[in-house]
Amino acid sequence: MNILFRIGLCSFLCWGMIACKSKKPSEAAVNKVVADTAKFYPIDRFIADEIKYVDLRNFSIVEKKSNSKDSSSRVISKEDFLAASAAVLKQAQWFMANKSLFTESIFQDLGTESYTINYSSTIAPIKNIDLLLHQQTNLPKRLFIRVVQQSGDTTITEQYSWVVNKQFVISSAKKTNQGFNESSSTEISWKNQDQ
């Protein structure tokens, strides 16, 4: 019986050690990064794809600038297009890197046969993003990004809008507490030169 007691005691101690070891989290599990599970629409990829679409084609690209005093229009190069569109892409990338600051809402617009996804924040410089998707295909139709920043007594509102396969517009408005207003906009559009 002494031998059976010893075997039983050893078995009990071994099982106890195994059980205690399995309850400790492994070092890999402790340092594991939690994946971002938010399923926000990848607007940065959408803008990057639109930019690439224009860059790879022989489009005529026109820039129209206007402010409170005058306006102008000119044909621009692809390099100018890429430089201007980078401002929209930068806002989209910042949003995607800071999704946790935004809340999402979705509504269906039967009049335009589209879904509108809205992202809003009260603490980020980007206050609103509206993305219109085709109801049938769920592909983007339009994108609007509104950024509001304060610089001293001046409120600066920037609006970025993108119409798929057609154009984008960057507009800026500055307003002070003393009533000074200044606005400007840049519209860049493209079309096939053969049309």
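Everything below is about the structure shown above.
Here goes a summary of the coordinates provided.

### Here we look at helix α3 (residues 43-55)
The end-to-end C-alpha distance of α3, which contains 13 residues, comes to 18 Å, matching closely the 18 Å that a straight helix rising 1.5 Å per residue would cover. The set of residues buried in α3 consists of I43, F46, I47, E50, I51 and V54. In a view along the axis of α3, the buried residues occupy a sector of 135 degrees, so they form one face of it. In α3, the exposed residues that point more than 90 degrees away from the buried face are R45 and K52.

### Digging into helix α4 (residues 78-97)
Look at α4: 27 Å from first C-alpha to last across 20 residues, which is about the 28 Å you get at 1.5 Å a residue. Most pronounced at A86, the bend in α4 amounts to some 30 degrees. Residues F81, A84, S85, V88, L89, Q91, A92, F95 and M96 constitute the buried set of α4.

### Comments concerning the packing of aromatic side chains
Summed over all chains, the structure comprises ten aromatic pairs. With a centroid separation of 5.7 Å and an interplanar angle of 55 degrees, the aromatic rings of Y53 and F59 are classed as tilted. When the centroid spacing of 5.5 Å and the interplanar angle of 75 degrees are considered together, the rings of F81 and W190 count as edge-to-face. Placement of F81 in helix α4 and of W190 in strand β9 (residues 181-192) is noted, with a sequence separation of 109 residues between them.

### A word on the pattern of salt bridges
Here the structure, examined in full by the defined rule, presents two salt bridges. Across the salt bridge formed by R74 and E63, the nearest N and O atoms sit 2.9 Å from each other. Taken together, the residues R74 in strand β2 (residues 71-76) and E63 in strand β1 (residues 59-67) connect sequence positions eleven residues apart. For R74, a relative accessible area of 45% puts it in the partly exposed group. Several salt bridges converge on common partners, so that one network encompasses E63, R74 and D80.

### Remarks on the sheet that holds strand β6 (residues 140-151)
What the nine strands build is an open sheet, ordered β2-β1-β9-β8-β7-β6-β5-β4-β3; its pairing is antiparallel. Every other strand in the sheet has two partners, leaving β2 and β3 (103-109) as the edge strands with one partner each. Sheet twist, expressed as the mean angle between neighbouring strand axes with direction ignored, is 10 degrees. Across nine bridges, strand β8 (residues 167-176) lies against β9 in antiparallel orientation. When the sheet's bridge partners are listed, Q167 is paired in β9 with S189.

### Describing the side chain of E63
Looking at E63, the relative accessible area reads 8%, which means it is buried. Apart from residues lying up to four places away in sequence, E63 is in contact with S72, S73, R74, I76, T186, E187 and I188.

### What to know about the nonpolar core
Note that soluble globular proteins tend to have their nonpolar side chains buried in a common cluster. In this structure, I47, F81, F95, L143 and W162 are the most contacted members of the largest nonpolar core, which totals 32 residues. Not counting chain neighbours up to four residues away, the residues in contact with L143 comprise I43, F46, I47, I129, D130, L131, Y160, S161 and W162.

### Details of the pairing of β9
In terms of strand pairing, β1 meets β9 through nine bridges, oriented antiparallel. Residue K64 lies in a different strand from β9, and its bridge partner there is E187. Hairpin connection between β8 and β9: a loop of four residues separates the two successive antiparallel strands, and G179 in this loop has a positive phi of roughly 95 degrees.

### Describing the environment of S68
Following the sequence through the fold, S68 ends up in the loop between β1 and β2. Judged by its relative accessible area of 60%, S68 is exposed. For the pair formed by S68 and S183, sequence separation is 115 residues and the distance between their alpha carbons is 6.2 Å.

Rules and cut-offs
Residues numbered from 1 in each chain as written. Predicted model: local features only at pLDDT ≥ 70, side-chain atom pairs only at ≥ 80, totals over all residues. Heavy atoms only, no water. Helix = DSSP H or I, 4+ residues; strand = E, 2+ residues; numbered from the N terminus. Expected span 1.5 Å × (residues − 1). Buried < 20%, exposed > 50% of the residue type's maximum accessible area, 1.4 Å probe, protein only. Arc of directions from axis to C-beta. Bend = angle between axes of the 7 residues up to and from the residue. Phe/Tyr/Trp six-rings, centres within 6.5 Å; stacked < 30°, edge-to-face > 60°. Salt bridge = Lys/Arg side-chain N within 4 Å of Asp/Glu carboxyl O. Pairing = 2+ DSSP bridges. Axes fitted to C-alpha atoms, helices over the stretch in contact; angles between N-to-C directions. Contact = heavy atoms within 4.5 Å. Core = buried A, V, L, I, M, F, W, Y, C linked by side-chain atoms within 4.5 Å.

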